Amino acid sequence: MLGYNLVDDEELEILLNDVANKYGYDFTEYSKASIKRRVNRLCALDKFTSFAELRYRITNDENYFGRFVEEITVNVTEMFRDRHFYKTLREQIIPQLGVNSYIKIWLAGCSTGEEAYSLSILLHEANLAHKAIIYATDINPSVLETAKHGVYPIGLMRNYSENYINSGGTTDFSTYYTANYDHVRFIGKLRERMIFATHNLVSDSSFNEFQLILCRNVLIYFDKNLQEKVFKLFDSSLESLGYLALGSKETIKFSELENRYQQIEKEKIWRKVT
Amino acid sequence: MEKSDLKSKIELLVIGGSAGSFNVLLALIPKLKTPINFAIIVVLHRKSGSTTSISEVFNLKTEINVFECEDKDPIIAGNIYFAPADYHLLIENDHTFSLDYSEKMNYSRPSIDVTFKVAADLYGDKMAAILLSGANSDGAEGLLYVNQKNGTTIVQDPVSSEIDTMPKEALKLFKPDFIANVDEIIAAINNF
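What you see is a predicted model, and the numbers here were worked out from it, not measured in a lab. (Residues numbered from 1 in each chain as written. Chains lettered and ligands numbered in written order. Predicted model: local features only at pLDDT ≥ 70, side-chain atom pairs only at ≥ 80, totals over all residues. Heavy atoms only, no water.)

Visitor: Which residues make up the interface of chain B and chain A, and what values do they have?
Guide: Listed as interface residues are 32 residues of chain B and, on the opposing side, 34 residues of chain A. Taken over both partners, the interface formed by chain B and chain A buries close to 2700 Å², and the fraction arising from carbon and sulfur atoms is 48%. Counting the surface chain B buries against chain A, the share from its top three residues, B:Lys72, B:Tyr87 and B:Tyr101, is 24%. On inspection of chain B and its partner chain A, the count reaches six salt bridges. (Contact = heavy atoms within 4.5 Å. Buried area = accessible area lost by both parts, 1.4 Å probe. Salt bridge = Lys/Arg side-chain N within 4 Å of Asp/Glu carboxyl O.)

Shown next, in the form of structure tokens:
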């Protein structure tokens, strides 16, 4: 049922301030429409009957706060989502990265790891994996556990295999995982060059310089102000001539970066040119 | 329908549709009187990854500017906005769009329920919502919510719907302001 909102705008602000003060997780610059929907969804899932009850639980139960973070951040992702995007990565970006003696990639907001494995497959097929490192980060520690294990429901493989083929993949996709009952595990060599770590785009700073930063469908959950801050963080973490890749409906247009970056065809990939 | 029938002058029209709705929109959008004084949002279930853009298809057929929403685009009266495939479409208090790639609702993303609800919370009686042909139940509860928030509600007449499941699901829940065929829907919009 589409219930009325238990938590209104004012209460949401109170709650997000509580959370920032008590736990140091600052969601106050997240997109309000989205986070309000997520919080109200959580209220319905966990059967809260008043805002006061929700507020008390979150501020007094640290374990429950873990669940709160898991549920209000969106962790939906898939392998090789957007075939045009992955085709461009495969055919243009990855070969270009290959001219370097090493390749450092930051996957910001990696969620349960599907994009990290997609990237790793591209690097292996280009014979570049040995000199590449993928830093895959997320705010949410529990999704990183899934990403590290690389275990996914077998039912998803049909779709992922289609996505892989549509984006230019030619290998038998099933050679990249071993199946076990209703789950698959992606093979170990795909994980060899991955580093998983928690990183909060709101509060943590730059930790390295990269030639490619992917952050797809994360910025849609941030307001304009926070988006601008994150763009600056990416800019300071990107080598000259490095690439920034965003989700299919996200843009650096109207941001400070716009004039110093060049868009790759019609894709949501920009190259830092100055 | 007379203008006085409306509960209040509208600022936003949201149209939700699924299977069988594309043809309705092809008939409807070219017949809208221009300029329109409100914004129109269309949430249409469709396959993601199609190569032709839906805004290009409709821009050829009307003087009204038709866009596929990007994150944080402002909602401007006089324009038509399509929800992008595979994202839920939300609206911020400052009348900009937010996209959301969270779980599907009613097996759908974009979900009509999601946009109807967020629009109703923000626009109340200053919105109208139309639910067209479709093969699932998405949109029915959202339309009821629009009604509860005093928005104007229209359901495509099941008899005139290519697939009548979606309109019928809405009619099971409540009596909308209007049950209308395609020509009547066009006339209604032109009277808003």
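Visitor: Talk me through the sheet that holds strand 1 (residues 103-108) of chain A; I want residue IDs and the actual numbers.
Guide: Residue and element names in this part refer to chain A. Ordered in space as 6-2-1-7-8-10-9, the seven strands form an open sheet in which the pairing is mixed. Since the sheet does not close on itself, it has two edges, and those belong to strand 6 (194-198) and strand 9 (261-263), each with one partner. Neighbour to neighbour, the strand axes of the sheet diverge by 20 degrees on average, direction disregarded. Direction of pairing for strand 9 relative to strand 10 (residues 269-272): antiparallel, over a ladder of three bridges. Pairing of Tyr 261 across the sheet is with Lys 272, part of strand 10. The sheet contacts of helix 5 (residues 83-97) involve strand 1, strand 7 (210-215), strand 8 (238-246) and strand 10, and relative to strand 7 the element is tilted by about 165 degrees. Relative to strand 2 (residues 132-138), helix 6 (residues 114-125) is tilted by about 170 degrees, and along the sheet it contacts strand 1, strand 2, strand 6 and strand 7. (Pairing = 2+ DSSP bridges. Helix = DSSP H or I, 4+ residues; strand = E, 2+ residues; numbered from the N terminus. Axes fitted to C-alpha atoms, helices over the stretch in contact; angles between N-to-C directions.)

Visitor: How would you explain unusual backbone geometry if you had to name every residue and give the values?
Guide: A negative phi angle is the norm for most residues apart from glycine, just as the trans form is the norm for most peptide bonds. In this chain, B:Thr34 is followed by B:Pro35 through a cis amide linkage whose omega measures -10 degrees. If you trace the backbone, B:Pro35 turns up in the loop between helix 1 (22-28) and strand 2 (39-44). A cis amide bond links B:Arg109 with the next residue in sequence, B:Pro110, at an omega value of 5 degrees. Although it is not a glycine, A:Leu241 sits at a positive phi angle of roughly 70 degrees. For A:Leu241, the location among the structural elements is in strand 8. Unusually for a residue other than glycine, B:His95 sits at a positive phi of about 60 degrees. Along the polypeptide, B:His95 turns up in the loop between strand 5 (88-91) and strand 6 (97-100).

Visitor: Quick rundown of the domain arrangement of chain A? Include the residues and the values.
Guide: Residue and element names in this part refer to chain A. If you check the domain split of chain A, you get domain 1 (9-72) and domain 2 (83-272). With centres defined by C-alpha atoms, the gap from domain 1 to domain 2 works out at 29 Å. Taken together, the contact pairs nine residues of domain 1 with 12 residues of domain 2. Both sides together, the interface formed by domain 1 and domain 2 hides about 990 Å², and carbon and sulfur atoms give 51% of it. Looking at the side of domain 1 facing domain 2, the largest losses of area belong to Tyr 25, Glu 29 and Tyr 30, adding up to 55% of the total buried there. (Domains from an automatic or database assignment.)

Visitor: Give me the lowdown on helix 8 (residues 157-166) of chain A, citing residues and values where you can.
Guide: Residue and element names in this part refer to chain A. Taken as a whole, helix 8 has its buried residues at Met 157, Tyr 160, Asn 163 and Tyr 164. Seen end-on, helix 8 carries its buried residues on one side only, within an arc spanning 125 degrees. Away from its buried face, by an angle of more than 90 degrees, helix 8 presents the exposed residues Arg 158 and Ile 165. Residues of helix 8 that are buried sit in contact with helix 5, helix 6, strand 3 (151-153), strand 4 (177-180) and strand 5 (183-186). Phi for Gly 168, located one or two positions after helix 8, is positive at around 105 degrees. (Buried < 20%, exposed > 50% of the residue type's maximum accessible area, 1.4 Å probe, protein only. Arc of directions from axis to C-beta.)

Visitor: Run through the environment of A:Gln92, naming residues and quoting values.
Guide: All names here are of chain A. The residue Gln 92 is located in helix 5 in this model. Linking Gln 92 and Ile 264, residues 172 residues apart in sequence, is a C-alpha distance of 9.3 Å. Those residues within four positions of Gln 92 in sequence are excluded, and the remaining contacts are Lys 87, Ile 264 and Glu 265.

Visitor: Go over the sheet that holds strand 4 of chain A with me, naming the residues and quoting the values.
Guide: Residues and elements named next belong to chain A. An order of 3-5-4 is seen for the three strands of this open sheet, with the pairing classed as antiparallel. What marks the edges here is a single partner per strand, and that holds for strand 3 and strand 4. Within this sheet the neighbouring strands show an average axis-to-axis angle of 30 degrees, counted without direction. Of the pairings in the sheet, the one linking strand 3 to strand 5 comprises three bridges and is antiparallel in character. Its bridge partner being in strand 5, Pro 153 is matched across the sheet by His 183.

Visitor: With reference to specific residues and values, describe the pattern of salt bridges.
Guide: Residues and elements named next belong to chain A. Tallying each qualifying case throughout the model produces 28 salt bridges over all chains. The salt bridge involving Arg 260 is made with Asp 235; its shortest N-O contact spans 2.9 Å. In this pair, Arg 260 sits in the loop between strand 8 and strand 9 while Asp 235 sits in helix 10 (residues 224-236), placing the two residues 25 residues apart along the sequence. Residue class for Asp 235 comes out buried when judged on its relative accessible area of 14%.

Visitor: Hey, could you go over the packing of aromatic side chains for me, with residue numbers and the actual values?
Guide: Counting across every chain of the model gives 33 aromatic pairs over all chains. Ring geometry for B:Phe58 against B:Phe82: centres 5.2 Å apart, planes inclined by 25 degrees, an arrangement best described as stacked. Here B:Phe58 is found in helix 2 (residues 54-59), whereas its partner B:Phe82 is found in strand 4 (residues 80-82), with 24 residues between them in sequence. The buried category is assigned to B:Phe58, whose relative accessible area is 0%. Among the aromatic residues, ring-to-ring pairing joins A:Phe80, A:Phe85, A:Tyr86, A:Tyr117, A:Tyr152, A:Tyr164, A:Phe173, A:Tyr176, A:Tyr177 and A:Phe186 into one connected group. (Phe/Tyr/Trp six-rings, centres within 6.5 Å; stacked < 30°, edge-to-face > 60°.)

Visitor: Give a detailed account of the side chain of A:Lys272, specifying residues and quantitative values.
Guide: All names here are of chain A. With respect to the element layout, Lys 272 can be found in strand 10. A distance of 2.8 Å separates the side chain of Lys 272 from the backbone oxygen of Asp 235, its partner in a polar contact. Leaving out residues up to four positions away in the same chain, Lys 272 has contacts with Asp 235, Leu 238, Glu 239, Ser 240, Leu 241, Gly 242, Arg 260 and Tyr 261. (Polar contact = N/O pair within 3.5 Å; in protein donor to acceptor, adjacent residues only side chain to side chain.)

Visitor: How would you sum up the packing of helix 3 (residues 112-123) of chain B against helix 4 (residues 140-148) of chain B? Please name residues and give values.
Guide: Residue and element names in this part refer to chain B. Packing of helix 3 against helix 4 brings their axes to within 7 Å, and their N-to-C directions diverge by 10 degrees. Classified by the angle between their axes, helix 3 and helix 4 sit roughly parallel to one another. Along the contact surface, helix 3 presents Asp 113, Phe 116, Lys 117, Ala 120 and Asp 121, while helix 4 presents Ala 140, Glu 141, Gly 142, Leu 143, Tyr 145 and Val 146. Its residues assigned to classes, the contact of helix 3 with helix 4 comprises six nonpolar, one polar and four charged. (Parallel < 35°, antiparallel > 145°, perpendicular 65-115°, else oblique. Nonpolar A, V, L, I, M, F, W, Y, C, P; charged D, E, K, R; others polar.)

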